[in-house]
Amino acid sequence: MSTQKRGINELDITQVYNDNKNSVYRLALTYLHSQTEAEDVCHDVFIKMMEHKNSIFPGKERAWLLTVTANECKNRLKFWKRHANKEICNSLCVKETQSLDILETVMSLSVKERTVIYLYYYEGYTTEEIAGILKITASAVRSRMERARKHLKYKLEGELS
């Protein structure tokens with residue numbers, strides 16, 4: 001009776017890093033609003049991945065990384081006041097000016113609201129997956145999404161006037 005192999009091997013680590021580094025970085029930016037802090041979180045998250053590589057299920061690396069990233073950012077926010085920094089929007093990869101304006105508006109939302117919006121629209125996660133990543137209920141995710149959409153609509157309509 002053999003058990004299913006867990007963990008990622010040394011060759012896969014580079015691939016996991018290359019596939020997920022941008023997502024980890026952008027999620028950290030949505031929380032912290034600081035490039036340098038987001039970079040620090042990225043380094044910490046990938047170091048943790050190396051330390052826990054044998055306990056990460058193959059195929060679940062991205063969810064694991066984003067969960068660790070969210071937790072790492074929350075821990076940092078407990079120690080500091082939120083960093084409001086305009087450099088965040090310039091550092092994200094957005095090609096169109098209209099998309100940049102929308103992204104700036106998303107980044108002006110509260111941490112809870114912008115995190116669910118980012119994970120849903122920019123990373124493509126379902127509400128159930130977001131609930132698992134953030135360790136909240138799916139109904140809480142949907143409530144945050146609804147509030148965030150209302151705030152976005154109000155802010156975007158204000159800009160058009």
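Parameters and conventions
- Residues numbered from 1 in each chain as written.
- Predicted model: local features only at pLDDT ≥ 70, side-chain atom pairs only at ≥ 80, totals over all residues.
- Heavy atoms only, no water.
- Salt bridge = Lys/Arg side-chain N within 4 Å of Asp/Glu carboxyl O.
- Helix = DSSP H or I, 4+ residues; strand = E, 2+ residues; numbered from the N terminus.
- Buried < 20%, exposed > 50% of the residue type's maximum accessible area, 1.4 Å probe, protein only.
- Core = buried A, V, L, I, M, F, W, Y, C linked by side-chain atoms within 4.5 Å.
- Contact = heavy atoms within 4.5 Å.
- Phe/Tyr/Trp six-rings, centres within 6.5 Å; stacked < 30°, edge-to-face > 60°.
- Axes fitted to C-alpha atoms, helices over the stretch in contact; angles between N-to-C directions.
- Parallel < 35°, antiparallel > 145°, perpendicular 65-115°, else oblique.
- Left-handed = near helix turned anticlockwise from the far one by under 90°.
- Nonpolar A, V, L, I, M, F, W, Y, C, P; charged D, E, K, R; others polar.

Draft legend 1. How the structure looks around the pattern of salt bridges. Throughout the structure, instances matching the rule amount to eight salt bridges. One salt bridge connects Arg62 with Glu123, and the closest N-O pair in it is separated by 2.0 Å. With Arg62 in helix 3 (residues 61-79) and Glu123 in the loop between helix 6 (111-122) and helix 7 (127-134), the pair connects residues that are 61 residues apart, well separated along the chain. Glu146 serves as the salt-bridge partner of Lys150, at 3.5 Å between the closest nitrogen and oxygen. In this pair, Lys150 and Glu146 are both assigned in helix 8 (residues 138-160), four residues apart and thus about one turn of the helix distant. The exposed category is assigned to Lys150, whose relative accessible area is 54%. Taken together, the shared-partner salt bridges connect Arg26, Arg62 and Glu123 into one network.

Draft legend 2. Molecular detail of the nonpolar core. Core analysis: the largest hydrophobic core is formed by 41 residues, its most contacted members being Tyr31, Leu119 and Leu134. Listed by contribution, the elements that provide at least two residues to this core are helix 1 (10-32), helix 2 (35-51), helix 3, helix 5 (97-107), helix 6, helix 7 and helix 8. If one sorts the elements of this core by residue count, helix 1 sits on top with nine residues. Those residues within four positions of Leu119 in sequence are excluded, and the remaining contacts are Leu27, Leu66, Gly124, Tyr125, Ile130, Ile133 and Leu134.

Draft legend 3. Up close: the packing of aromatic side chains. Tallied over the full model, the rule gives three aromatic pairs. Note on Tyr118 and Tyr122: the rings are 5.7 Å apart at their centroids and 15° apart in plane angle, and the pair reads as stacked. With a gap of four residues between them, Tyr118 and Tyr122 both fall in helix 6, about one helical turn apart. Exposure remark for Tyr118: the relative accessible area of 1% places this residue in the buried category. Residue Tyr122 is classed as partly exposed on the basis of its relative accessible area of 36%. Residues Tyr120 and Tyr121 carry aromatic rings whose centres are separated by 4.8 Å and whose planes lie at 80° to one another, so their mutual orientation is edge-to-face.

Draft legend 4. Structural context of the packing of helix 6 against helix 7. Relative orientation of the contacting elements helix 6 and helix 7 amounts to 130°, with a least axis distance of 10 Å. In this view, helix 6 runs oblique relative to helix 7, as classed from their interaxial angle. Regarding helix 6 and helix 7, the two cross each other, and that crossing is right-handed. Only Thr127, Ile130, Ile133 and Leu134 of helix 7 make contact with helix 6, whose side of the interface consists of Thr115, Val116, Leu119 and Tyr120. Looking at the contact of helix 6 with helix 7 residue by residue, the class counts come to six nonpolar, two polar and no charged.

Draft legend 5. Looking closely at the side chain of Thr67. Secondary-structure assignment places Thr67 in helix 3. The residues contacting Thr67, other than those within four sequence positions of it, are Gly132, Ile133 and Lys135.

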